[in-house]
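Per-entry structural report
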Amino acid sequence: MIGAAPVARLDVSFDAVRSAKGVLRVCLTADPENFPTCVDDHNATRRSVPAGSDALRFDGLPRGTYAIAVIHDENGNKKLDTFAGIPREGFGFSRNPPIRFGPPRFAAARFSVEGDAERQQIKMRYML
């Protein structure tokens, strides 16, 4: 097809998920302004997979720069539960940046999808 934008596949794997309860809610975005929540990002790709899953595939992605945010929604209420501002449920980000005070910035989690197939391995973290 002439003029078609090159597309790629992205394989995402999840490590250290503490239980198979609930779902992993994944947001893939190219918009730094809406990372990590993806709330106002109409171009974000959102997927939910059972928490027992260890991988997820995104097919047909336009090549570019992205970041991934994941929450382990153990109770299925579609949000990251917190206690005194500290997450009670698991979370993770592409490139596994260090977590200090609050979520990382887009720049710390961004990665490029350039070839035909890319891979991100996300380590889930639990504070409580």
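First, a word on scope: everything that follows refers to the structure included in this document. (Residues numbered from 1 in each chain as written. Predicted model: local features only at pLDDT ≥ 70, side-chain atom pairs only at ≥ 80, totals over all residues. Heavy atoms only, no water.)

A short note on the layout of surface pockets
Note the following rule: Buriedness of a pocket was judged along seven lines, with at least five required to meet protein on both sides within 12 Å; pockets are open sets of points on a 1 Å grid over the protein atoms alone, cavities are sets where a 1.4 Å probe fits but cannot get out, and lining residues have an atom within 4 Å of a point. Grid points are joined across faces, edges and corners, and a volume is the space filled by probe spheres set on the points. Helix and strand definitions follow DSSP, with helices as H or I runs of at least four residues and strands as E runs of at least two, each counted in order from the N terminus. Ten residues, namely Ala, Val, Leu, Ile, Met, Phe, Trp, Tyr, Cys and Pro, are considered nonpolar, four, namely Asp, Glu, Lys and Arg, are considered charged, and the remaining ones, Gly among them, are considered polar.
Considering only enclosed or pocket space, the largest pocket measures out at about 650 Å³ in volume. Considering the residues around the largest pocket, the lining is formed by 27 residues, among which Pro36, Val70, Ile71, Leu80 and Phe91 are closest to the centre. Listed by contribution, the elements that provide at least two residues to the lining of the largest pocket are strand S2 (23-29), strand S3 (45-50), strand S5 (64-73), strand S7 (86-87) and strand S8 (90-93). Residues belonging to the lining of the largest pocket are distributed by class as follows: 16 nonpolar, 5 polar and 6 charged.

Focus on the sheet that holds strand S10 (residues 117-123)
Our working definition: Note: two strands are recorded as paired if DSSP finds a minimum of 2 bridges between them. Angles here are taken between N-to-C directions and fall from 0 to 180 degrees, while the axes themselves are lines fitted to C-alpha atoms, restricted in helices to the stretch in contact.
Across the sheet, which stays open at both edges, the 3 strands sit in the order S4-S1-S10 with mixed pairing between neighbours. In this open sheet, the two strands that pair with only one neighbour each are strand S4 (55-62) and S10. The sheet shows a mean angle of 20° between the axes of neighbouring strands, taken without regard to direction. Where strand S1 (residues 7-15) meets S4, 6 bridges bridge the pair, whose relative direction is antiparallel. By the bridge assignment, Ala8 is partnered in S4 with Leu61.

Some thoughts on the pattern of salt bridges
Rule in force here: Here, a salt bridge means any Lys or Arg side-chain nitrogen found within 4 Å of an Asp or Glu carboxyl oxygen. Accessibility here uses a 1.4 Å probe with only protein chains present; expressed as a share of the type maximum, an area under 20% marks a residue as buried, one over 50% as exposed, and anything in between as partly exposed.
All told, the structure shown has 5 salt bridges when counted by the stated rule. Asp73 serves as the salt-bridge partner of Arg25, at 2.8 Å between the closest nitrogen and oxygen. Of this pair, Arg25 sits in strand S2 while Asp73 sits in strand S5, and the two are 48 residues apart along the sequence. Residue Asp73 is classed as buried on the basis of its relative accessible area, which comes to 0%. The partner of Asp116 in a salt bridge is Arg63, and the shortest N-O contact between them spans 2.7 Å.

As for the environment of Val49
Worth spelling out the cut-off: Here, two residues are considered to be in contact whenever any of their heavy atoms come within 4.5 Å of each other.
When you line up the elements, Val49 lands in strand S3. Distance in space between the C-alpha atoms of Val49 and Gln121 is 16 Å, their sequence separation being 72 residues. Every residue in contact with Val49, bar those within four places of it in the chain, is listed here: Phe14, Val23, Leu24 and Leu56.

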